[in-house]
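Residue strings, one per chain:
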Amino acid sequence: MKAILQSESHECGLACLVMIASAYGSHLDLPTLRRRFSISVKGTSLPQILHYAQSLDFSSRPVRLELDELKQLRLPCILHWSLNHFVVLEKVGAQKVTILDPAAGRRTLTMDEVSRCFTGVALELTPNSRFQSAEKKPRLRLRELTGHVLGLKRALVNILMLALALEVVALLSPQVMQWVVDHALVSADYDLLLLVVIGGCLLLVIDFVLRMARGWMGLRLNQQLTLQWTSNFFHHLLRLPWSFFEKRHLGDITARFQSLDAIRAVITNGAVTILLDALVALITLTLMTLYSKMLTVIVLTAVALYVLLRWAFYVPLRNAMEERIVLATRENAYFLETIRAVQPLKLFNSTPLRLATWQNLLTDVQNRDLRTQKMLLVFGGCNTLIFGLEGMLLLYVGGVAVLGNTLTLGMLLAFLAYKSQFTTRASKLIDLGIEIKMLSLHGERLAEIALETPEPNIAIETDLSRIEPRIEFKNVSFRYADGEHWVIKDLSFTIEAGDAVALIGRSGCGKSTLFKLMLGLLEPIEGDIRIGGTSIRQLGPTALRNMVGVVMQDDQLMAGSLAENIACFEVGATQERIEAAAQQANIHKTIINMPMGYQTLVAEMGSGLSGGQKQRLLLARALYKQPSILALDEATSHLDLHGEQHVVSNLQSLSMTRVVIAHRRETVAMVSRIIHLEQGKITEDIRLDADEVA
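Keep in mind that what you see is a predicted model, and the values were worked out from it rather than measured.

A.B. asks: I keep staring at helix 11 (residues 293–340) and nothing clicks. Help me out?
C.D. replies: For an α-helix, 3.6 residues make a turn, and residues three or four places apart therefore share a direction. The terminal C-alpha atoms of helix 11, which comprises 48 residues, lie 67 Å apart, in line with the 70 Å expected from a rise of 1.5 Å per residue. Along helix 11, the sharpest change in direction is near 40° and occurs at Tyr314; proline Pro316 comes one to four residues later. Of the residues that open helix 11, the one with a side-chain oxygen 3.2 Å from the backbone nitrogen of Leu295 is Ser292.

A.B. asks: Can you help me understand the nonpolar core in this one?
C.D. replies: In summary, soluble globular proteins display a tendency toward joint burial of nonpolar side chains. Ranked by size, the top nonpolar core spans 40 residues in total, and within it Ile566, Ile591, Leu617, Leu623, Leu632, Leu651 and Val671 carry the most contacts. Of all the secondary structure elements, the ones that give two or more residues to this core are strand 9 (500–504), helix 18 (562–566), helix 19 (575–584), helix 21 (611–624), strand 15 (629–633) and helix 22 (641–652). Ranked by residue count, the leading element in this core is helix 21, at seven residues. Val476, Val501, Val548 and Met552 belong to the second largest nonpolar core, which has 34 residues in total.

A.B. asks: Help me understand the sheet that holds strand 16 (residues 657–661), please; the structure alone is not making it clear to me.
C.D. replies: One open sheet accounts for six strands, arranged 12-15-16-9-17-18; its pairing is mixed. Each edge of the open sheet carries a strand with a single partner, namely strand 12 (548–551) and strand 18 (681–687). When the angles between neighbouring strand axes are averaged without regard to direction, this sheet yields 15°. Where strand 12 meets strand 15, four bridges bridge the pair, whose relative direction is parallel. Within strand 15, the residue paired with Gly549 across the bridge is Leu630. Sitting on the sheet, helix 15 (residues 511–518) touches strand 9, strand 15, strand 16 and strand 17 (673–678), and the angle it makes with strand 16 is about 145°.

A.B. asks: So what exactly am I meant to see when it comes to the sheet that holds strand 10 (residues 526–531) here?
C.D. replies: Adjacent strands of a sheet form backbone hydrogen bonds with each other and so pair up, either parallel or antiparallel. Strand order in the open sheet formed by four strands is 8-7-10-11, and the pairing between neighbours is antiparallel. Among the strands making up the open sheet, the edge pair consists of strand 8 (488–495) and strand 11 (534–535). Pairing analysis gives five bridges linking strand 7 (residues 471–478) to strand 10, with the strands arranged antiparallel. Considered in strand 10, the bridge of Phe473 is made with Ile529. Packed on one face of the sheet, helix 15 meets strand 7, strand 8 and strand 10 and runs near 120° to strand 7.

Calculation notes
Just so you know, the residues in each chain are numbered from 1, in the order the chain's sequence is written. Only residues with pLDDT of at least 70 get local features here, since the model is predicted, and only at 80 or more are side-chain atom pairs given and counted; chain-wide, interface and lining totals rely on the full set of residues. Neither water nor hydrogens contribute to the side-chain values; these are computed over all heavy atoms in the structure. Helix numbering and strand numbering both begin at the N terminus, where a helix is a DSSP run of H or I of at least 4 residues and a strand a DSSP run of E of at least 2. The span one expects for a helix is its residue count, reduced by one, times 1.5 Å. Bend at a given residue is defined as the angle between two axes, one fitted to the seven residues that end at that position and one fitted to the seven that begin there. Counting of polar contacts relies on pairs of N or O atoms within 3.5 Å, with two restrictions inside protein: one atom must be capable of donating a hydrogen and the other of accepting it, and residues adjacent in sequence are counted only when both atoms are side-chain atoms. To form a nonpolar core, buried Ala, Val, Leu, Ile, Met, Phe, Trp, Tyr and Cys residues must be joined to one another through side-chain atoms within 4.5 Å. Under the scheme applied here, a residue whose accessible area is under 20% of the maximum for its type counts as buried, over 50% as exposed, and between as partly exposed, the area being computed with a 1.4 Å probe on protein chains only. Note: two strands are recorded as paired if DSSP finds a minimum of 2 bridges between them. For every element, the axis is a line fit to its C-alpha atoms; helices are fit only across the contacting stretch, and the angle between N-to-C directions ranges from 0 to 180 degrees. Working rule for contacts: check all heavy atoms of both residues, and any pair within 4.5 Å makes them a contact.

This is how it looks when you write it as structure tokens:
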């Protein structure tokens, strides 16, 4: 069985199902199950796994057992692990157990280690009569992962032409040595010796020029691939729905993004000239055969042994690479999370514990690297031994041939030169084949992002100013995963254009989820949401968000000037419009009193500003869009009473539809209608008269 590693921290259950299905011949993949079964960031419960397994045509039997009863289970099966995780039990020995951990790969544990993690709950899965095996999906083409690259064919043709010229020079070089030894030296012909040496110098100059030209073109190709592939992939990443980023760690996305570098390195460092290397290897092999069949057999035997050696180490090295990527990703994600949360860590004196945990994660990575280096050490030693013995055998057999006059000394030297070229090319082709096969690991990781469906961006030929900012919820229902409770159920209400509405209710009642549905960050499972009578599905996320100005609870400022943050780095932003938005958000006077005014730089994530200043800047950013709908999620919670009153007064004068989530009386005072939510349903809908609003 192959270990399937989870891409998201909460999908260990799905990964276990993929492994079980693969063991019975149904080669599913994790993205397929992820699209088929929606799971929330809270993880998967055992009843949910039972439901998913039945959908995959498995009969399931959950059992509770003791540690010494593991041998009685039908393998492979799923074990409940460490109270919040699932693993696949692959093998049970006398003293050790082998598991497939979606978070760390194949692990062999002692019974004591198992007893510390196994909760005593297992799930046996067996195919039922409806179960059918499924073939593996065809591998993705590189073009599907990286997108189109302009000018690639021309660059490849130029490099191939230069490489071909270099190979011609390399094939002629051994002839110089043979002519010197067998002709110039034997006949003591000084003129011929000078002529041959001059010819050899000319070949060296040509070789130098060609190598410089190819190296320059290779650098340009590398830059071109880096810029275009990375841009294409990053463009696709930014088009993915918000839910994709919600379910993944930043470190995991970063690590997957870096897999592009591994693919690019293989392409630029060898795959470009793979056909040329094969052609040169074939030519040099032919020349070697013409010189001596016996010596050629020795060389081919050594190369065959190298192939076997490479193949023997392929699976261990691939597993090591996969495990290393997982461990390094976990360590990097923990590191980034620690840096982002350094303030609460210091306030709670938790930095020593955090440091110790990170050091353990780093030690796991280093231990994996150490085991890999040991394997590479053995591989390198065997490789040196094979070709060392080959060299000694060639010297003996070749020497015997020279003494027996079946070969001249010049022919032997030329053969050794061609042999060096052949083994170099053959080894390069073998290594490249293994590297390309290894790239499937990076391809699978990239496919987790590349195959995700981006947000639909329907271009509608509509003047957005004509769309009335009237919001309708029609029988909208939503939940974050199958089997979970409905966050919003059969919700219907209408917000008329120009209304100011407050959504109130206890935490967890569905207010923020309703906001995200209205903004197109989430899609309703049932029902429809309309703006001005047009479904937001038809309107499209770009047009919808052009109409709406938003301040969310977890919004962030970005590194740049205050003016750039207010304009959200819009090209061609005008100072008048920026200042008008700042005045509406009651932040203009604060900004002009700063040393650099609107050009004052904001540190990363807005550090250096007070909570109230951040919120007013975020509000100014929302108002800069001049939206027809303003959505605020606790957007004034950090303002003092005086500051909030100013902001509320300014917002009341704006002719736009306003929807706010608030608990403070001062915020609710600016609305004309209050909708009370409880468990995803409206329990009260109160319209206030003018006196109450005042």
